[in-house]
Amino acid sequence: MDTVAQAQTAEADRRLTIVADENMPLLEAFFASIGNIIKLPGRRISRQDLLERNADILLVRSITPVNQALLEGTSVSFVGSATVGTDHIDTDWLKQAGIPFANSPGCNASAVVEYVLSAMTVVLDERDKCFEDVSVGVIGCGHVGGMLADILEELECTVVRCDPPLHDAQQEAQQAMAAKGRDEGRQPSQPVYEPMEKAMACDFVTLHVPLIKEGPYRTLRLLDADMLAALQSHQTLINTSRGQIIDQAALKQRLQRIDELFAVLDVFENEPNIDYELMMLCRLATPHIAGHSLDGKGMATAQVYEALSNTLGLPVRHKLGQFLPEPPLRKMNFSRDAEPQWALHTAIRACYDIRGDYNKLRHGRYLPEEKRGEYFDSLRSNYRIRRSFNRVKVGLKGGRSVLQDYLEAVGFRID
Ligand SMILES: NC(=O)c1ccc[n+]([C@@H]2O[C@H](COP(=O)([O-])OP(=O)(O)OC[C@H]3O[C@@H](n4cnc5c(N)ncnc54)[C@H](O)[C@@H]3O)[C@@H](O)[C@H]2O)c1
Ligand SMILES: O=C(O)[C@H](O)[C@H](O)COP(=O)(O)O
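Residues numbered from 1 in each chain as written. Chains lettered and ligands numbered in written order. Predicted model: local features only at pLDDT ≥ 70, side-chain atom pairs only at ≥ 80, totals over all residues. Heavy atoms only, no water.

In the annotation of an unreviewed UniProt entry, the protein is listed under the name Erythronate-4-phosphate dehydrogenase and assigned to Allohahella marinimesophila. Taken verbatim from the UniProt record of the protein, the Pathway (unreviewed entry) comment is "Cofactor biosynthesis; pyridoxine 5'-phosphate biosynthesis; pyridoxine 5'-phosphate from D-erythrose 4-phosphate: step 2/5." (UniProt positions renumbered as here; feature names shortened; annotations may be inferred.)

Structure, rendered in structure tokens:
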């Protein structure tokens, strides 16, 4: 081997080995300059894989449990999860083992908000109501819940925000101010956080909390059997957080009562082997894809790439905008005669119609039980390209209108 070839081999040898979930988008675009990428199915990444491949970096999604059993004795020295939720990661163990970890806070907030808005339009149409007619309890007001609550207020819904950690932090900040002699009270622009009971009484109740298994802000079975039994026929419960936030058996029991309580579930206990009976009792149900816009998933990869680059002391060379294609739907137009609520619902569902995902998941009922888990996962892996509302322009005729306000509130660009 000549010197150049030897040098090239040595260079290649020094490159990091990145083991990544095969369904993380834009892996090569972001990480090829950092290391050699080995793609594996997320549910099957094992300690053996990491040892055999001498992995330095592990990049996962929500379906790979990352803990001592997976990593101890391997050469993995960075873990990235292209997700918001971190309930699949033993962050305490990673800390103790000195392995840096990064996830992607807020990456898919718009996608989840758009999912909830789409679900709401379906239910509102069925109940012959508009956004302004209903109250919405938003439980968990971080990236997703906070954005959703703001938008719903602009659509003239009555919004009840519930977020005990944010409520307590607000109180502490006020007490600290008061202690310093600057008792300025609550700032007018600060949100008001209400008790859970008030949120649970709204026409729509939507959950946007992390899965927390213990402690004062525990969310495991946050909605218990009593709360679920108390839900009324006119209400709609939406869960895009994690299946374990709700007592699923109790929800199933409640939905078996013949009335018009609606459930919209994107997340289930025991994914991908979900309870099909429960799923069939839902008004809408989808295979954990609320956050799956290309923009949201791409942003997750971008955030993990940035964190890894910073950890390695490398320059951040790539930005998501470089790699995103044109959206399939670029523009829609409404005439002067478009009735605002109809046009808003139409625009939302032109961009993302939750019923397509619902119909596909329901189709799984025709499969033998043992094939349904695989089917659930295949719907997630082969997910069609879905784009954010803010990639779409809407053409309107005439001067400023209520419709323009609504469309802008949900993220469309007005042309
Ligand atoms: N289905 C999907 O595709 C999808 C996509 C994104 C996020 N998620 C899930 O949604 C969750 C929320 O996402 P996010 O980006 O808004 O997270 P976030 O961390 O920005 O916000 C979570 C909020 O929940 C609040 N909270 C914590 N404990 C609470 C409690 N006991 N009661 C009420 N509020 C509580 C926190 O104070 C915080 O404001 C994630 O943790 C993840 O599990 C699912
Ligand atoms: O926590 C999250 O970000 C979401 O649950 C996430 O969208 C799930 O992502 P996946 O595992 O399908 O990549």
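Next comes the rest of the write-up.
Looking now at the UniProt feature "binding site: substrate" (unreviewed entry) in the protein. Within this structure's numbering, the places UniProt gives as "binding site: substrate" (unreviewed entry) are Ser 62 and Thr 83. Over a stretch of 22 residues, the named residues converge on one spot in the fold, their C-alpha atoms separated by at most 6.3 Å. Residues from the named set that contribute to the lining of the second largest pocket are Ser 62. Its location among the elements puts Ser 62 in the loop between strand 3 (57–60) and helix 4 (68–71). In this view, Ser 62 contacts Thr 83, His 88, Arg 242, His 288 and Arg 380; residues no more than four positions away in its chain are not counted. At 2.7 Å, the side chain of Thr 83 forms a polar contact with the side chain of Ser 81. (1 Å grid on protein atoms, 1.4 Å probe; cavity = no way out; pocket = protein on both sides within 12 Å on 5 of 7 lines; lining within 4 Å. Helix = DSSP H or I, 4+ residues; strand = E, 2+ residues; numbered from the N terminus. Contact = heavy atoms within 4.5 Å. Polar contact = N/O pair within 3.5 Å; in protein donor to acceptor, adjacent residues only side chain to side chain.)

To continue, consider the site of ligand 2. Neighbouring ligand 2 are the residues Arg 61, Ser 62, Thr 83, Val 84, Gly 85, Asn 108, Arg 242, His 288, His 292, Lys 297 and Arg 380. Note that an oxygen atom of ligand 2 is positioned 2.8 Å from one of the backbone N or O atoms of Gly 85. Considered on its own, ligand 2 offers 360 Å² of accessible surface; in the complex 93% of this is hidden by protein. (Near = heavy atom within 4 Å. Areas by Shrake-Rupley, 256 points an atom, 1.4 Å probe, with all protein chains shown as cover.)

For the pair helix 6 (residues 109–127) and helix 7 (residues 143–154), the least separation of the axes is 9 Å and the interaxial angle reads 50 degrees. On the basis of the axis angle, helix 6 is oblique to helix 7. With respect to the hand of their crossing, helix 6 and helix 7 are arranged in right-handed fashion. Contacts from Ala 109, Ser 110, Val 112, Val 113, Val 116, Leu 117 and Met 120 in helix 6 reach His 143, Val 144, Met 147, Leu 148, Ile 151 and Leu 152 in helix 7. When grouped by side-chain class, the residues that make up the contact of helix 6 with helix 7 number 11 nonpolar, 2 polar and no charged. (Axes fitted to C-alpha atoms, helices over the stretch in contact; angles between N-to-C directions. Parallel < 35°, antiparallel > 145°, perpendicular 65-115°, else oblique. Left-handed = near helix turned anticlockwise from the far one by under 90°. Nonpolar A, V, L, I, M, F, W, Y, C, P; charged D, E, K, R; others polar.)

Its boundaries defined by the atoms lining it, the second largest pocket holds a volume of some 340 Å³. As for the second largest pocket, its lining consists of 18 residues, and the residues nearest its centre are Ser 62, Asp 87, Arg 242, Gln 244 and Glu 271. Taken together, the residues of the lining of the second largest pocket break down into 4 nonpolar, 7 polar and 7 charged. (Points joined across faces, edges and corners; volume = space filled by probe spheres on them.)

On to the UniProt feature "binding site: NAD(+)" (unreviewed entry) in the protein. Sequence positions flagged by UniProt for "binding site: NAD(+)" (unreviewed entry) are, in local numbering, Asp 163, Asp 266 and Gly 291. Looking at where Asp 163 falls in the secondary structure, it is placed in the loop between strand 7 (158–162) and helix 8 (164–179). The class of Asp 163 is buried, set by a relative accessible area of 10%. In contact with Asp 163, not counting residues within four places along its chain, are Gly 140, Cys 141, Gly 142 and Tyr 193. In this structure the side chain of Asp 163 is engaged in a polar contact, spanning 2.7 Å, whose partner is the backbone nitrogen of Cys 141. With respect to the helices and strands, Asp 266 occurs in the loop between strand 10 (262–265) and helix 12 (276–281). If we skip the residues at most four places from it in the chain, Asp 266 touches Tyr 115, Asn 239, Thr 240, Glu 271, Thr 286, Pro 287, His 288, Ile 289 and Ala 290. There is a polar contact of 2.7 Å between the side chain of Asp 266 and the side chain of Thr 286. (Buried < 20%, exposed > 50% of the residue type's maximum accessible area, 1.4 Å probe, protein only.)

What follows deals with the nonpolar core. With 89 residues, the main nonpolar core has Leu 117, Phe 131, Ile 139 and Phe 412 as its most contacted residues. A total of 11 residues in this core trace back to one element, the largest contributor, which is helix 6. Those residues in contact with Ile 139, other than ones at most four positions away along the chain, are Cys 162, Met 196, Ala 199, Met 200, Val 205, Thr 206, Leu 207, His 208, Val 209 and Leu 222. (Core = buried A, V, L, I, M, F, W, Y, C linked by side-chain atoms within 4.5 Å.)

Contacts to ligand 1 come from 28 residues, most closely from His 143, Val 144, Asp 163, Thr 240 and Asp 266. Here an oxygen atom of ligand 1 and a side-chain polar atom of His 143 are 2.7 Å apart. Take Asp 266: an N or O atom from its side chain is 2.8 Å from a nitrogen atom of ligand 1. Protein burial of ligand 1: of its 860 Å² of free accessible surface, 89% is covered by the chains. Of all elements in the fold, only helix 7 and helix 8 reach the threshold of two or more residues within the shell around ligand 1. The greatest single-element share of the shell around ligand 1, amounting to 3 residues, is contributed by helix 8.

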